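Here is how the chains run, residue by residue.
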Amino acid sequence: PSLFLRYPHETPSLESAAKHIGISTRTMKRHLQAEGMSFQKLLDEYRYGLAKKYIESRQLTLKEIAYQLGFSGVSSFRRAFKAWSGQTLQDFRDGNS
């Protein structure tokens, strides 16, 4: 997780994550596969968790949240959030008012 927080607006690569924890990319892939996980899925779960925290805190705009999570814009963040949660950002915000 500390790798993800180092540069919040940049999405780490599998290679940089493996290097950060001191293993090869191939070893990291094997460990993730053994857990039924992929690097992208791990990254998405982490970003989704952060997105929920940021939205619930109401301290950042959606544009700022999108930037912090490494999205190119709010529209791509909206699509990802819908895919992760099954609900729109507005529905999530309304449910956490």
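This section reports on the structure supplied with the text. (Residues numbered from 1 in each chain as written. Predicted model: local features only at pLDDT ≥ 70, side-chain atom pairs only at ≥ 80, totals over all residues. Heavy atoms only, no water.)

## So, the packing of aromatic side chains
- By the definition in use, this model includes six aromatic pairs.
- Note on F71 and F77: the rings are 5.5 Å apart at their centroids and 50° apart in plane angle, and the pair reads as tilted.
- By relative accessible area, which is 0% here, F77 ends up buried.
- Members of the aromatic cluster, connected to one another through ring pairs, are Y48, F71, F77, F81, W84 and F92. (Phe/Tyr/Trp six-rings, centres within 6.5 Å; stacked < 30°, edge-to-face > 60°. Buried < 20%, exposed > 50% of the residue type's maximum accessible area, 1.4 Å probe, protein only.)

## Concerning unusual backbone geometry
- Of note, R58 is a non-glycine position whose phi angle comes to about 60°, a positive value.
- Tracing the chain through its elements places R58 in the loop between α4 (39-57) and α5 (62-68). (Helix = DSSP H or I, 4+ residues; strand = E, 2+ residues; numbered from the N terminus.)

## A closer look at the nonpolar core
- Of all hydrophobic cores here, the largest spans 15 residues; its most connected members are I55, I65, L69, F71, F77, F81 and L89.
- Put simply, the parts of the chain that give this core at least two residues each are α4, α5, α6 (74-85) and α7 (89-95).
- Of all the elements, α4 adds the most residues to this core, at five residues.
- Those residues in contact with F81, other than ones at most four positions away along the chain, are Y48, A51, K52, I55, G86, Q87, T88, L89 and F92.
- A17, A18, M28 and L32 belong to the second-largest nonpolar core, a separate cluster that totals seven residues. (Core = buried A, V, L, I, M, F, W, Y, C linked by side-chain atoms within 4.5 Å. Contact = heavy atoms within 4.5 Å.)

## Notes on α6
- Along its twelve residues, α6 runs 16 Å from first to last C-alpha, staying within 8% of the 16 Å computed at 1.5 Å per residue.
- The set of residues buried in α6 consists of S76, F77, A80 and F81. For α6, the angular spread of buried residues about the axis comes to 135°, placing them on one side. Summarising the geometry of α6, the exposed residues directed more than 90 degrees from the buried face are R79 and A83.
- Positioned one or two residues after α6, G86 has a phi angle of 80°, which is positive. (Expected span 1.5 Å × (residues − 1). Arc of directions from axis to C-beta.)

## Comments concerning the environment of Q68
- Within the secondary structure layout, Q68 lies in helix α5.
- Measuring from C-alpha to C-alpha, the distance between Q68 and T11 comes to 9.5 Å, with 57 residues separating the pair along the chain.

## Things to note about the environment of S72
- Relative to the helices and strands, S72 is located in the loop between α5 and α6.
- The exposed category is assigned to S72, whose relative accessible area is 78%.
- Among the polar contacts made by the side chain of S72, one reaches the side chain of S76 at a distance of 3.5 Å. (Polar contact = N/O pair within 3.5 Å; in protein donor to acceptor, adjacent residues only side chain to side chain.)

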